[in-house]
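# Observations on chain architecture
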Amino acid sequence: MWVRVACEPVSRPEGHVIEGVIKDLSVVRAAQGEVRRLSNRLSTTLEELTDAFFSLDKQWHFTFVNHETERVLQRPRDEIIGKEIWEAFPKLRGTAFEAGYRQAVESQRKVTFEAYYPPRHAWFETTVYPSEEGLTVYCRDVSERKIAEEEVQRLAFYDPLTGLANRRLLIDRLKHSLARLRRQQRCAALLLIDLDNFKLLNDTAGHDRGDALLREVATRLRQSVRSSDTVARIGGDEFVVLVELQTRSGEVSARRAASVADKVLRAMCVPFPLTDLLHHASASVGVTLLDGTINDVGEALRQADLAMYQSKSRGRNAVSFYDPGMQAAVAERVALQGDMLRGIEVGQFHLHYQPQVDEHGNVTGAEALLRWQHPQRGWISPATFIPIAEESGHIISLGNWVLETACRQVADWRRMPGRERMTMAVNVSAVQLRRPDFVQTVMQTLCATEAPPDSLRLELTESLLLHDIDDTIAKMEALRAHGVGFEIDDFGTGYSSLSYLKRLPINVLKIDRTFVRDLLENDRDAAIVHTIITLADSLGIGVIAEGVETKEQYDDLQRLGCRAFQGYLFGYPVPAGEFCTRKDLEAACGAVPAA
Ligand SMILES: Nc1nc2c(ncn2[C@@H]2O[C@@H]3COP(=O)(O)O[C@H]4[C@@H](O)[C@H](n5cnc6c(=O)[nH]c(N)nc65)O[C@@H]4COP(=O)(O)O[C@H]3[C@H]2O)c(=O)[nH]1
């Protein structure tokens, strides 16, 4: 038992005595022990907490910090106890933490908030309790939960491959944007961007390269617009850019939208380095202006989509603006696609042959040109239906049919006296060339039709060559080894690099008819033609001028050194029967222009 004894000497008449008081302290002592025990337990508990806990006095000085606080703040407690929090951690100033602590002091109420603490790269859920001494602060690291939440958010609204907004987020932003434009009477532009021939790259170069291209396209699109604009990926190779134009007038908006679209187009034309290959891409862009009159997100996207298809049908690598008439054109395109399959089956396609002549006017060969005789629409130009056939994949069966028919024809001609050296130029589309079995298909066709390989000249366009140059060269060389020749169509209109030209096994460059057309009036065109001829000569390559319509053009071309020609002057493309009967063609040059 604990007692308190107090005694004192007292003088009494009877003598000196000692008086004392004894007080039982058991209860007090027990209570003090309990307080100490509880306090120790509390300290141990606070120390062992996996969350940071600290207290501050009214002057913002640390009065207690637990072990986790030391870890989070990365300072031992003896360095911070007694220090003012803003002095010890100046980076907390102006943050959500300071705002939360002050709010708790001012309101004298508990405050809870979540905030990011950059020095630890972590998120904390913080609860601040005001007390008589000052504040106690309790911080829980919730970074893992935050990351999980962000991941859920990312998966729901962003494209995992490129990190761009997905269709869902785009639609949401577009909805808000349409409402805002209406309110503010301002304009925005919606651009739909579709990569040209992306499927081809994916199928031939592999999905890894396809993915790498999409990621790089995303980066370039982001760089082409302001960070406040939305860039989204809404399908395999389909991207959308929503650009706020900050303009009211339709005309200025259209000009600004065109300049953004142009920037996008140019960004897509810069070659893409994809690990071991340099990929040349292009895009078809459709633009619709949002001027507050469109309320419906679906309608806005549909308009941009129609405009994009317009770019595709203009030969790709182009920008088109939506206009209502476009819809009819698209409907017609879809109808033609359907008719095409049936047309192939029932033989509505025909080949016409246009003569190619040498400088003496001798017919040395022909170019096979495809014709479609549609039962309702009459003759349809290949310039209209070839892009549709390429897009739908019908070009494969159509191209095989062309190759076979043309090879059979040249084999027939070669059996005729005086035509033993005839050649046949056949147009090959990118979709055909990219097929892994292209070389095999050509060789099998030559074999089946008994056409000598050196009678066949495959015509490739300049832009097609640049696509996957190594694959193209390998295929060209494999065929060249058997004697098949190659002509480069529309030469001078693309972006051929001289180094490529040297590597490619080319027999003939075809000077594009646009240069021939203006040859007489335009000195620049004459200079280009002359340069092409000199270049080809120095590389040991032949040259043929296409689109020769007049005697003057023919004379001029001869003067510039051209020795082979094709054009209406020597003959229109005609069916095989008519071609063979035009015996006068050999003498046509100079004296007898074609009818
Ligand atoms: N203004 C003018 N034009 C002339 C003259 N001489 C010929 N042409 C036209 O010029 C085009 C030459 O064919 P291309 O450049 O290979 O251009 C061809 C070719 O790229 C494509 N094409 C035609 N047939 C086929 C085919 O079987 N397969 C593929 N993939 N494409 C084809 O369609 C394009 C257009 O063919 P066409 O309409 O037949 O148009 C032909 C021909 O009719 C002339 O003196 N003046």
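The name an unreviewed UniProt entry assigns to the chain is EAL domain-containing protein, from the organism Noviherbaspirillum galbum. Recorded in UniProt under Catalytic activity (unreviewed entry), the annotation for the chain is "3',3'-c-di-GMP + H2O = 5'-phosphoguanylyl(3'->5')guanosine + H(+)".

### Some remarks on the sheet that holds strand β13 (residues 283-290)
Taken together, five strands build an open sheet; the order of strands is β9-β10-β8-β13-β14 and the sheet is mixed. Every other strand in the sheet has two partners, leaving β9 (230-235) and β14 (319-321) as the edge strands with one partner each. Each strand of the sheet is rotated relative to its neighbour by a mean of 25°, with strand direction disregarded. Relative to β14, β13 runs parallel, the two sharing three bridges. Its bridge partner being in β14, valine 285 is matched across the sheet by valine 319. With respect to the sheet, helix α11 (residues 297-313) is in contact with β8 (187-195), β10 (238-247), β13 and β14, its orientation differing from that of β13 by roughly 145°.

### A short note on the side chain of glutamate 70
Positionally, glutamate 70 belongs in helix α2 (residues 67-73). Its relative accessible area of 17% is what places glutamate 70 among the buried residues. With residues up to four places along the chain from it excluded, the contact list for glutamate 70 reads Val65, Arg75, Pro76 and Arg77.

### As for the sheet that holds strand β4 (residues 62-65)
Judged by pairing direction, the sheet is antiparallel, and its five strands sit side by side in the order β4-β3-β7-β6-β5 without closing on themselves. The open sheet terminates on both sides in strands that have one partner only, identified here as β4 and β5 (111-117). Here the average twist between neighbouring strands, direction ignored, is 25°. Of the strand pairs in this sheet, β5 and strand β6 (residues 122-130) are connected by seven bridges, and their pairing is antiparallel. Paired with phenylalanine 113 across the strands is threonine 126, a residue of β6.

### Considering the pattern of salt bridges
By the definition in use, this model includes 37 salt bridges. Across the salt bridge formed by arginine 140 and aspartate 51, the nearest N and O atoms sit 3.0 Å from each other. Residue arginine 140 is found in strand β7 (residues 134-141), and its partner aspartate 51 is found in the loop between α1 (26-48) and β3 (52-57); the two are separated by 89 residues along the sequence. Residues aspartate 454 and arginine 414 are paired through a salt bridge, measuring 2.9 Å at the closest nitrogen-oxygen approach. Of this pair, aspartate 454 sits in the loop between α16 (438-449) and β19 (456-461) while arginine 414 is found in helix α14 (residues 395-414), placing the two residues 40 residues apart along the sequence. Relative accessible area serves as the criterion here: at 44%, aspartate 454 is assigned to the partly exposed category. Among the charged side chains, a salt-bridge network with shared partners connects Glu114, Glu125, Arg145, Lys146 and Glu149.

### Describing the packing of aromatic side chains
The full count for this structure, using the stated rule, is 19 aromatic pairs. Geometrically, the ring pair formed by phenylalanine 97 and tyrosine 117 is edge-to-face, given 5.8 Å between the ring centres and 80° between the ring planes. Here tyrosine 117 lies in strand β5 and phenylalanine 97 lies in helix α5 (residues 96-107), a separation of 20 residues in the sequence. Tyrosine 117 matches phenylalanine 97 in its accessibility class, with the two residues each being buried. An aromatic cluster is built from Phe54, Trp60, Phe62, Trp86, Phe89 and Tyr101, whose rings are joined through pairwise contacts. Against the face of phenylalanine 157 rests arginine 168, its NZ or CZ located 5.1 Å from the ring centre.

### Let's talk about the site of the ligand
Contacts to the ligand come from 21 residues, most closely from Gln354, Arg371, Asp489, Glu549 and Tyr568. Separating an oxygen atom of the ligand from a side-chain N or O atom of glutamate 459 is a distance of 3.5 Å. Alone, the ligand offers 800 Å² of accessible surface; in the complex the protein occludes 83% of this. Elements supplying a minimum of two residues to the shell around the ligand: β16 (363-374), α13 (382-392) and β20 (485-491). Considering each element in turn, the shell around the ligand owes the most residues, four residues, to β16. The residue makeup of the shell around the ligand, split by class, is eight nonpolar, five polar and eight charged.

Rules behind the numbers
- Residues numbered from 1 in each chain as written.
- Predicted model: local features only at pLDDT ≥ 70, side-chain atom pairs only at ≥ 80, totals over all residues.
- Heavy atoms only, no water.
- UniProt positions renumbered as here; feature names shortened; annotations may be inferred.
- Pairing = 2+ DSSP bridges.
- Helix = DSSP H or I, 4+ residues; strand = E, 2+ residues; numbered from the N terminus.
- Axes fitted to C-alpha atoms, helices over the stretch in contact; angles between N-to-C directions.
- Contact = heavy atoms within 4.5 Å.
- Buried < 20%, exposed > 50% of the residue type's maximum accessible area, 1.4 Å probe, protein only.
- Salt bridge = Lys/Arg side-chain N within 4 Å of Asp/Glu carboxyl O.
- Phe/Tyr/Trp six-rings, centres within 6.5 Å; stacked < 30°, edge-to-face > 60°.
- Lys NZ or Arg CZ within 6 Å of the ring centre and 35° of its normal.
- Near = heavy atom within 4 Å.
- Polar contact = N/O pair within 3.5 Å; in protein donor to acceptor, adjacent residues only side chain to side chain.
- Areas by Shrake-Rupley, 256 points an atom, 1.4 Å probe, with all protein chains shown as cover.
- Nonpolar A, V, L, I, M, F, W, Y, C, P; charged D, E, K, R; others polar.

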